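# Chain and residue survey
Chain by chain, the residues:
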Amino acid sequence: MKADPAVQRQLLELAKVDAELARTAHRRRTLPEIAEIDAGEKTVRERRDALVSVQTAASDLDREIGRQEKEIESVRARGDRDRKLLESGSVAAKQMADIEHELNSLNRRQSALEDDLLELMERREALELDAQRTSAEVAKAEGEVAEAVSRRDENFTDLDTTKARRDEDRAKLLPRFPEDLLKLYERVRAHKGIGAALLRARRCGACQLDIDRREIAEIKAAPEDNVIQCENCGAILVRTLESGL
């Protein structure tokens, strides 16, 4: 393939633009905020799950407290009825003894139930404190994610601006190249990442490998309009005064 040497040298401008586009795309994929957001969202999910677990336990405990309070109220009401019977003086002596025995049992039962209720309420208070702490952790994790998202979006905006400018530069460069040369450049770039590079001091600017004497001799002997490719990486080698030929 042949191409005007001046046109070949302009491939270096295109390669520079494409290199910046590649760096921009790589940076967009690998912004540290992306990993930070992923980790933060995982933390938010874990904290939310923990909060739901605490809230569920608290809800279950509230129902248990409610049942305990109803039972205490039932025992208390029954005791009140027994005391009223004793105070009325309308019961026989044997029945009075039975009522007093039941009343003693009810008092013991009420005392035990109230002790259990106190324990339940202490557990409920501890769960409430746990829920407040976990809720604060959720809010903190959500805030950190929101901050990372904001920083990521700012970086995305800057990178998108850079990409738009380089895309515009690329669009201006493309018409300068003959179709066959551009196809070769694009094919090499698609496979190797770099389509063209400067031959500098007998070294390929794409793969950074020194070119052996035989190949250098062939390149030196080739007409200036010949399109030369690196035998190692396939990149189009652009010859200038820096090439050491």
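Shown above is the structure to which this text applies.
Remember, predicted model here, so these are calculated numbers, not experimental data.

## Some words on the overall build of the protein
For the protein, the count of helices and strands is five helices and four strands. Listing the helices and strands of the protein from first to last along the sequence gives α-α-α-α-β-β-α-β-β. Here the C-alpha radius of gyration of the protein, 42 Å, is well above what a compact globule of 245 residues would show, namely 18 Å. Seen along its three principal axes, the alpha-carbon backbone of the protein occupies a region of about 135 × 35 × 25 Å. A total of 245 residues make up the protein; the buried ones form 32% of that total. Considering only residue pairs separated by 6 or more positions, the protein has 75% of its internal contacts joining residues 24 or more positions apart.

## Regarding the sheet that holds strand S4 (residues 236–239)
Strand order in this open sheet of four strands is S2-S1-S4-S3, and the pairing throughout is mixed. Among the strands making up the open sheet, the edge pair consists of strand S2 (203–204) and strand S3 (228–229). As defined by bridge partners, strand S1 (residues 196–200) adjoins S4 across four bridges and the pair is classed as parallel. When the bridges of S4 are listed, Leu-199 appears paired with Arg-239. Here helix H4 (residues 179–192) sits on the sheet in contact with S1, S3 and S4, set at roughly 120° to S4.

## Regarding the pairing of S1
Within S1, four of the five residues are buried, which leaves it mostly tucked inside the rest of the structure. Alignment of S1 against S2, held across two bridges, turns out to be antiparallel. From the neighbouring strand, Arg-200 faces S2, where its bridge partner is Arg-203. Connecting the antiparallel pair S1 and S2 is a turn made up of two residues, with Ala-201 showing a positive phi of about 50°.

## Overview of the pattern of salt bridges
For the structure on display, the rule yields 31 salt bridges. When the shortest N-O distance is used, the salt bridge between Glu-114 and Arg-76 registers 3.4 Å. Remark: Arg-76 occurs in helix H2 (residues 32–88) and Glu-114 occurs in helix H3 (residues 93–173); sequence separation between them is 38 residues. Given a relative accessible area of 33%, Glu-114 falls into the partly exposed group. Under the relative-accessibility criterion, Arg-76 is labelled partly exposed at 29%. Close ionic contact of Arg-133 with Asp-130 constitutes a salt bridge, the shortest N to O distance being 2.3 Å.

Criteria and thresholds
Residues numbered from 1 in each chain as written. Predicted model: local features only at pLDDT ≥ 70, side-chain atom pairs only at ≥ 80, totals over all residues. Heavy atoms only, no water. Helix = DSSP H or I, 4+ residues; strand = E, 2+ residues; numbered from the N terminus. Rg over C-alpha atoms; globule rule 2.2 N^0.38 Å. Buried < 20%, exposed > 50% of the residue type's maximum accessible area, 1.4 Å probe, protein only. Contact = heavy atoms within 4.5 Å. Pairing = 2+ DSSP bridges. Axes fitted to C-alpha atoms, helices over the stretch in contact; angles between N-to-C directions. Salt bridge = Lys/Arg side-chain N within 4 Å of Asp/Glu carboxyl O.

Keep in mind that these numbers describe shape and distance, not what the molecule does.
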